[in-house]
Amino acid sequence: MLLSAVDSGWADPVRLHHEGRTARLLLDNARAVLAQGLGVRPDELYLTTSGTAAIHAGLSAVLTARRRVGGAVVHSAVEHSAVLHTAGEAGVEIGVDLHGRVDLDAFAAAVRKPGVAVAVLQSANHEVGTRQPIEAAAAACGPVPLFVDAAASIGHEVVSDGWSVLTASAHKWGGPAGVGLLAVRKGTRIAPAWPMDEREDGLSPGFPDVPNLLAAAAALQARLAEAAELDRQHRGWIAEIRQRVGADVPDVEVVGDPEDRLPHVLTFSCLYVDGEALVTALDAEGFSVSSGSACTSSTLRPSHVLAAMGVLTHGNVRVSLARTTTYGEIDRFCRVLPGIVQRIRAEVGM
C-alpha cells in the first residue's frame, strides 16, 4: 500500500488539479478507515505526525479552550513523557499502586477540585502493560474532559468508552513511523495553541503524508483482523515468560498486573545488572528489547514509570511481542537470559 500510494498520493491534497484531487480521495479514504478502527466519525479524527505530536497538540488545544475554567491537568504518575512535558507545572500528579494502576479515589477527588481543565489517563501502560480504569475514571470526571493516551492499546484491544480526546500512534500496530492520530469527540471544546491553517483545523499544521497515512490505515485493518488470535497467543506467551523469568533468574522482579494487562508487553528488573549491558547482550543474541523508560530510553535514566510504582528500576528490560514473533524465539529467550544475567553479574563481582 505504501509503495503504491507513493506513486498516486504524492501531491498536495488541498490543490484542485488532478493529482491533488487524487491525493484528497486517498487521504479521505485513509481517514475513514482509521476512524472506523478507533470507533469514531471521520470528522472527529485529526491526523498528526506522531503519537507524541498528537498528545502535544490535543492536550494543548483542550487547555487553551478551557483556560477560563482553569489550567490544572490531573494525570497519573505513569503517563507518557509527552503528557508530563505538556502539563508542566500545571500538572497534578496522582500516584499508582505496585502494579502501576492509578489511585482512582485520589484521581476522582483531584478532578472535582476547582480550576481543573482536563484529566489525563492512559488506557494501559506502555512499559508494564497494566490497564487503567478508563470507564470509572470517565464517570468520575463529570464535566471535565478525559484525555486518553491509547497508543499502547489501539490495534490490540478496544478502549473503554467515556473519553473526550484520544491519541494513538501507527507504529504501535505495525504501521509506519511518523503517523499519529488525535480523536476529539463532538462537543469537546478545542482551540489550537498556535496560528491556525487549513491543515487539520490547525491541530497538525503542514503537508499530510498521504502515502504513510494509507499504509497506517491498511496496517490497522490487517492488525484488527487478526487481533483476537494474536492476542490470545501473546497472552499465553507473556504468561510463560513471566513464570520462567521469575523461576530461573535470581533476584529478579517481574512487574505489572499479571492478569489485567495488555497481552503483548512485559517488563522485569534484575538486581545487580546494568540495563544497557543487558540490552546489548540480548541484542547480540538476536533479541531487540529496551531498557529505561520506554519513551525516554535514549537518556538512559531510570524509568519514571517503575519509580512511581515503587518497584526495582535497576536493570529493567521491556519485552514487546510482534505479529512475527514465534514460540521458538520465546523459548530461546527464556533459555539464554539466565546465563546472560549471571555473566553480567560476575563481571561486576556479584
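Residues numbered from 1 in each chain as written. Predicted model: local features only at pLDDT ≥ 70, side-chain atom pairs only at ≥ 80, totals over all residues. Heavy atoms only, no water.

> Can you help me understand helix α2 (residues 18-38) in this one?
For an α-helix the count is 3.6 residues per turn, leaving residues at separations of three or four pointing the same way. Taking 1.5 Å as the rise per residue, α2 with 21 residues should run 30 Å; its terminal C-alpha atoms sit 31 Å apart, in good agreement. Along α2, the residues classified as buried are G20, A23, L27, A30, R31, V33, L34, A35 and L38. Next to the buried residues of α2 lie α1 (2-8), β1 (45-48), β6 (165-169), β7 (180-184) and α7 (210-225). Just beyond α2, the residue with positive phi is G39, at close to 80°. (Helix = DSSP H or I, 4+ residues; strand = E, 2+ residues; numbered from the N terminus. Expected span 1.5 Å × (residues − 1). Buried < 20%, exposed > 50% of the residue type's maximum accessible area, 1.4 Å probe, protein only. Contact = heavy atoms within 4.5 Å.)

> Just checking my understanding: could you explain the sheet that holds β7 for this structure?
By definition, the strands of a sheet pair up through backbone hydrogen bonds, in either a parallel or an antiparallel sense. Across the sheet, seven strands lie side by side as β1-β7-β6-β5-β4-β2-β3; this open sheet has mixed pairing. Two strands lie at the open edges of the sheet, namely β1 and β3 (91-94), each paired on one side alone. Looking at each pair of strands side by side, their axes are set apart by 20° on average, direction ignored. Relative to strand β5 (residues 146-149), strand β4 (residues 116-120) runs parallel, the two being bridged by two bridges. (Pairing = 2+ DSSP bridges. Axes fitted to C-alpha atoms, helices over the stretch in contact; angles between N-to-C directions.)

> What is the right way to look at the pattern of salt bridges in this model?
Oppositely charged side chains are able to pair whenever their charged atoms sit close together. In the structure shown here, the tally under the stated rule is 18 salt bridges. Across the pair R223 and D231 runs a salt bridge whose closest N-O atoms are separated by 3.1 Å. A relative accessible area of 5% places R223 in the buried class. For E240, the salt bridge is made with R244, and the minimal N-O distance between the two is 2.9 Å. Of the two residues, E240 and R244 both sit in helix α8 (residues 227-248), four residues apart, roughly one turn of that helix. Look at E240 and you get partly exposed, because its relative accessible area is 21%. Sharing partners across several salt bridges, the network here consists of R101, R131, E157, D257 and D260. (Salt bridge = Lys/Arg side-chain N within 4 Å of Asp/Glu carboxyl O.)

> When you look at the sheet that holds strand β9 (residues 265-270) in this model, what are you seeing that I'm missing?
Ordered in space as β8-β9-β10, the three strands form an open sheet in which the pairing is antiparallel. Each end of this open sheet is capped by a strand with a single partner; those strands are β8 (252-255) and β10 (316-320). Taking the axes of each pair of neighbouring strands and ignoring which way they run, one obtains an average angle of 20° across the sheet. Relative to β9, β8 runs antiparallel, the two sharing four bridges. Looking at β9, one finds that V255 is bridged to T267. In this fold α8 packs onto β8, β9 and β10, with an angle of close to 160° to the strand it touches most, β8.

> Is there a simple way to explain the nonpolar core in this structure?
Across soluble globular proteins, you tend to see nonpolar side chains buried next to one another. Membership of the largest hydrophobic core comes to 53 residues, with the highest contact counts inside it found for L38, L45, F107, L146, W173 and L181. It is α7 that contributes the most residues to this core, seven residues altogether. In this structure, this core is formed jointly by two domains, domain 1 (1-222) and domain 2 (226-348), each of which donates at least three residues. Once residues within four sequence positions are removed from consideration, L45 is found in contact with R31, L34, A35, L38, V40, L181, L182, A183 and E200. Of all hydrophobic cores here, the second largest spans 27 residues; its members include L266, V279, L282 and V341. (Core = buried A, V, L, I, M, F, W, Y, C linked by side-chain atoms within 4.5 Å. Domains from an automatic or database assignment.)

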